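Notes for the structure review
Spelled out, the chains give:
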Amino acid sequence: MSGLAYGSAAPVVADTPTRGSAGSRTAPWWGWGGFAGCALLGLTSGLGGVIGFAGVFAFVVALVALVRGHVRWAHLPGRAAGAIALVAAVVAVSVGSALSPATAPVSASTSADQSGAPASRAPDPSPMAPSADSTSTTTVAPSPTGATTTTSATAPDPELEAVSAAHPGTALALVGTLVVKGRGPMTGYSRAAFGPAWTDTDRNGCDQRNDTLRRDLRAVTLKAGTNGCAVMTGTLTDPYTAATISFSRTAGASAVQIDHVVALADAWVKGAAGWPQSERTAFANDTLNLLAVSGSANAAKGSGDAATWLPRNTAYRCSYVARQVAVKAKYHLSVTSAERAAMVRVLSTCATTTPPTATVAKLGGAPLYAVPTPKTSPSPAAPPAPKPTSKPAPKPAPAPPPAPKPAPKPASPATVQGVHPGAFCAPQGALGYTVKGTLMRCTFKSGDIRARWRSA
């Protein structure tokens, strides 16, 4: 009964074996051995697994230190050190998880191989699932486990193959540069959005309509006083129908019209809606996109693209599509998938066709137009006098009928001076001149309630 009161318990110090005891010698071995064992288990998942498993072990040791107050073999003398070790363990687990590779899902066919039973594939509920004509299925011989492996491969795109095989510099190769996308809205479209009609964008002193007529017509005559610009007459071999058409400005020019090969409305929904006004004006007057054609064929085409309209003259289709491709590539206009398919289909029949370039006929170089003078009918010749005979003189022959007067010259339509383009006029067919000397004709167009002065 030396220094302790009766009934008091002796203090117990946990995890503090007497120096030299068996516990003090074995604790570091099993502690660090357990740490090493956990780290080795993590080797199956690489460096991330090693760090993660070691972090888990450290987490458990740190919790013991927090509860018991110390873990001497791990050099954690108190709860503060245990808290620090706990935080470090959480960080190690997080880093290990981040470094560990993701586990790939096991496919149905792999599961079937492992289980020995064939796997069935559920139908794809997606509306965008590949169709039967765009994919092909290959079945491989059964594996030793009895399962059958099925693989799917996308069928080749014949359009892309044709474009890829095209020779550089050809129109077919140029198709590959066009962006494929859907049509945009027609909101905001009008002819006025492309600037005044037939603007002299190339600054050669002549509007683009007459530039195109001089280029595409033959046997041309020019209007005097226009510096060799205005075409009065000519003959067109229509590229769209192969028909021969006579053009005369004085007799009405509706039989021959200037077509925008890439229609303005088609350009609007495929990129031109976002252009500045200057670029739309340049596009509408670019001779690369202008072609003299028959009025009926131009009306039938409307605003169609290569997918919805092609010339009736099949011999010209390659040149027509090549020109469309050249225009769309120059102005970075998009095409629909159906349009691209039509372009490839046509150009595949003439794979060496090259895209055209813009050309403008020089001013002049043709005879001036001469107003034709009406011919007068000649007077009938008087009958010959009868020969004298020995018979009694016959009665005097009746006087020959008087020669008919020459037919009067047809009156040329009166011309009106100082007319204004677009103003109402009468009668239809009347001619007039503006203050600048431009010849105008009084004509109707669809939708007019009265005739208006328009360029002759």
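Scope of this entry: the structure provided in the associated data block.

Parameters and conventions
Residue indices begin from 1 for each chain and proceed along its sequence in written order. Note on the predicted model: pLDDT of at least 70 is required for a residue's local features to be given, and 80 or more for side-chain atom pairs to be given and counted; whole-chain, interface and lining totals, by contrast, use all residues. Side-chain calculation: all heavy atoms of the structure are included, whereas hydrogens and water are not. Think of each axis as a best-fit line through the C-alpha atoms, taken over the contacting stretch in the case of a helix, with angles from 0 to 180 degrees between the N-to-C directions. Helix and strand definitions follow DSSP, with helices as H or I runs of at least four residues and strands as E runs of at least two, each counted in order from the N terminus. We call two directions roughly parallel when the angle between them is under 35 degrees, roughly antiparallel when it is over 145, roughly perpendicular when it lies between 65 and 115, and oblique otherwise. Note on convention: near helix rotated counterclockwise from far helix by under a right angle means a left-handed crossing. Clockwise means right-handed. The contact definition used throughout considers only heavy atoms, calling two residues in contact when any of these lie within 4.5 Å. Here the nonpolar group is Ala, Val, Leu, Ile, Met, Phe, Trp, Tyr, Cys and Pro; Asp, Glu, Lys and Arg are the charged ones; every other residue, Gly included, is treated as polar. Any helix carries an expected span of 1.5 Å times its number of residues minus one. Type-normalised accessible area, obtained with a 1.4 Å probe on protein chains alone, sets the label of each residue: buried when under 20%, exposed when over 50%, and partly exposed for intermediate values. DSSP calls a pair of strands paired once it identifies at least 2 bridges connecting them.

1. Examining the packing of helix α11 (residues 317-330) against helix α12 (residues 337-347)
In the contact formed by α11 and α12, the axes pass within 9 Å of each other and the chain directions differ by 135 degrees. Classified by the angle their axes make, α11 and α12 are oblique. For the crossing formed where α11 meets α12, the hand is left-handed. Contacts between α11 and α12 involve Arg317, Cys318, Val321, Ala322, Gln324, Val325 and Lys328 from the first element and Glu339, Met343, Val346 and Leu347 from the second. Along the lines of polarity and charge, the residues of the contact of α11 with α12 split into seven nonpolar, one polar and three charged.

2. Here we look at helix α2 (residues 46-68)
Its 23 residues place the ends of α2 34 Å apart at the C-alpha level, agreeing with the 33 Å of an ideal helix rising 1.5 Å per residue. Within α2 the residues assigned to the buried category are Gly48, Gly49, Gly52, Ala54, Gly55, Phe57, Val61, Ala62 and Ala65. Phi turns positive one or two residues past the end of α2, at Gly69, with a value near 100 degrees.

3. Some words on the sheet that holds strand β9 (residues 431-433)
In space, the four strands of this open sheet follow the order β8-β9-β10-β11, with mixed pairing throughout. Either end of the sheet is taken by a strand with one partner, and the two such strands are β8 (415-417) and β11 (452-455). On average, adjacent strands in this sheet sit at an angle of 35 degrees to one another, irrespective of strand direction. Here β9 runs beside strand β10 (residues 439-443); their pairing, made up of three bridges, is antiparallel. Across the sheet, the residue bridging to Tyr433 is Leu439, located in β10.

It is worth stressing that arrangement in space is one thing and function is another; only the former is reported here.
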